[in-house]
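# Structural overview
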Amino acid sequence: MLFAGLFLSTNDAITKWLVPNYPPGEIIFIQAILIAVIVAIWMRFDGEVLFKIRRWRPHLYRGVLYAIGSLAFVTALRFLPLAEVVAISFAGPLFMTLFGRLFLKESVGIQRLVAVSIGFLGVLIVIRPGSSTMHWAILLPLVVAVADAFRDMVTRTMTTDESSKRIILTTAIILALTGAATSGDGWQPIQPTHIFWYAFCAASFVIAHFFLIEAFRYAPVVVVAPFKYVQWIWRILAGFFFWGEVPDIIVFMGITVIVSSGLYIGWREVQLNRRGI
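What this report covers is the structure whose coordinates are included nearby. Counting restarts for each chain: residues are numbered from 1 in the order of the written sequence. Totals for whole chains, interfaces and linings use every residue, but because this is a predicted model, local features are given only for residues with pLDDT of at least 70 and side-chain atom pairs only at 80 or more, for both listing and counting. The side-chain figures draw on all heavy atoms in the structure; neither hydrogens nor water molecules are used.

The next subject is empty space enclosed by the protein. The definitions used throughout rest on a 1 Å grid laid over the protein atoms alone, on which a cavity is an enclosed set of points accommodating a 1.4 Å probe that cannot get out and a pocket is an open set flanked by protein within 12 Å on both sides along at least five of seven lines; lining residues are those having an atom within 4 Å of a point. Grid points are joined across faces, edges and corners, and a volume is the space filled by probe spheres set on the points. As enumerated under the stated definition, the model contains 2 cavities of 30 Å³ or more in all. Taken as a whole, the second largest cavity holds about 40 Å³ of empty space. Around the second largest cavity, the lining residues are Arg-54, Arg-55, Pro-58, His-59, Met-158, Asp-161 and Glu-162. Side-chain classes are defined by residue name, with Ala, Val, Leu, Ile, Met, Phe, Trp, Tyr, Cys and Pro counting as nonpolar, Asp, Glu, Lys and Arg as charged, and the others, Gly among them, as polar. Broken down by class, the residue content of the lining of the second largest cavity amounts to 2 nonpolar, 1 polar and 4 charged.

On to the pattern of salt bridges. A side-chain nitrogen of Lys or Arg and a carboxyl oxygen of Asp or Glu constitute a salt bridge if their distance falls within 4 Å. Tallied over the full model, the rule gives 3 salt bridges. The partner of Arg-151 in a salt bridge is Asp-148, with the nearest N and O atoms 3.2 Å apart. One end of the pair, Arg-151, and the other, Asp-148, are both in helix 7 (residues 140-158), 3 residues apart, so they sit about a helical turn from each other. The residues Arg-151 and Asp-148 share a single accessibility class, namely buried. Across the pair Glu-162 and Arg-166 runs a salt bridge whose closest N-O atoms are separated by 2.8 Å. Throughout, exposure labels follow a simple rule: accessible area from a 1.4 Å probe, protein chains only, divided by the maximum for the residue type, with under 20% read as buried, over 50% as exposed, and the rest as partly exposed. In this structure Arg-166 comes out as buried when scored by relative accessible area, which is 6%. Strands here mean DSSP runs of E at least two residues long; helices mean DSSP runs of H or I at least four residues long; both are numbered from the N terminus.

Turning next to the side chain of Asn-11. With respect to the element layout, Asn-11 can be found in helix 1 (residues 2-18). The class of Asn-11 is buried, set by a relative accessible area of 7%. What qualifies as a polar contact is a pair of N or O atoms within 3.5 Å, subject to a donor-acceptor requirement within protein and to the restriction that residues adjacent in sequence count only when both atoms come from side chains. There is a polar contact of 3.0 Å between the side chain of Asn-11 and the backbone oxygen of Cys-201. Contacts between residues were defined by any pair of non-hydrogen atoms, one from each residue, lying within 4.5 Å. Residue contacts for Asn-11: discarding those within four places in its chain leaves Gln-31, Cys-201, Ser-204 and Phe-205.

Next comes the structure, spelled out in C-alpha cells:
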C-alpha cells in the first residue's frame, strides 16, 4: 500500500502538470489507452488470457466508479491546489470504513464510528463552507472520495477470484470509453514533449493499482484504508516543489484531523484483531 501511494501521487502530479494543456476527458482517454496497452502486454508475457472474466458486473461497477472519480479529480485540479484536492479526497478512507461496515459486514465499533465523525469534521475545516474563499470545485474531491470508497469496496470483493492485472485492464477500457465520450470538448493535439509524460503517468497508474489491488486481496478494507494517508506526504511535496503550493494553516489543521481519525481507525482494527474480536 505504501508503494501504491507513491506511484498514485506520481500519477496525480503529472496529471496536474498536463491539465493546463488538455481537457480532462482527453487526459483520461490517452492515459487509459496507454494503461490498457501496458497491461495487455504484461498479461501476454505472463501467459494470462486477456478477457477470461468470471464476473463482468463487478468489473463494470469498478470501471464506472473510477471514471466518475477520475473526471471529478482531473476537473478539480484545474481550479484548486493539489494539496486541497488531496486533503478533501482523504475522506475516502472514512467512507470506506462506513461502507465496509454497511455493505461488506466488516466489524466497525462505536469508537471507530466516532473517529469517522471527527474525520468528517476535518473535511469541513478544509472546505470552509460559507467562507469567501470557498470555490464550487471544492465539492469535486468529495465526489472523488465517495467514488473511490465504493470502488475500493468493489475491488475487495473482486480479489477472491480475479487477477489484479485483469481488473486494471477492464478499468482502463471503461476509462478510455468515458474519455472518448468527451471527444468534442475541445481536445488538443498531443505535444511531442508530452508523450513521455503520458506514458510515465500510465506506467505509474499500473504499478500503483497492482499494489493497491494486492493490498485488498490480503487485508480488510478498514485496515488498508488508513495507509492511503501516506499519499499526503508525496502530494504535498509535489505541490510545493513543482508549483510552489503551500497549504495554509486551515488546510493543515483539517488534514491533521482527517489523518488522525484514519490512523486511529486502523490502529483500533489491529488491536481488535489481536484480541480475536
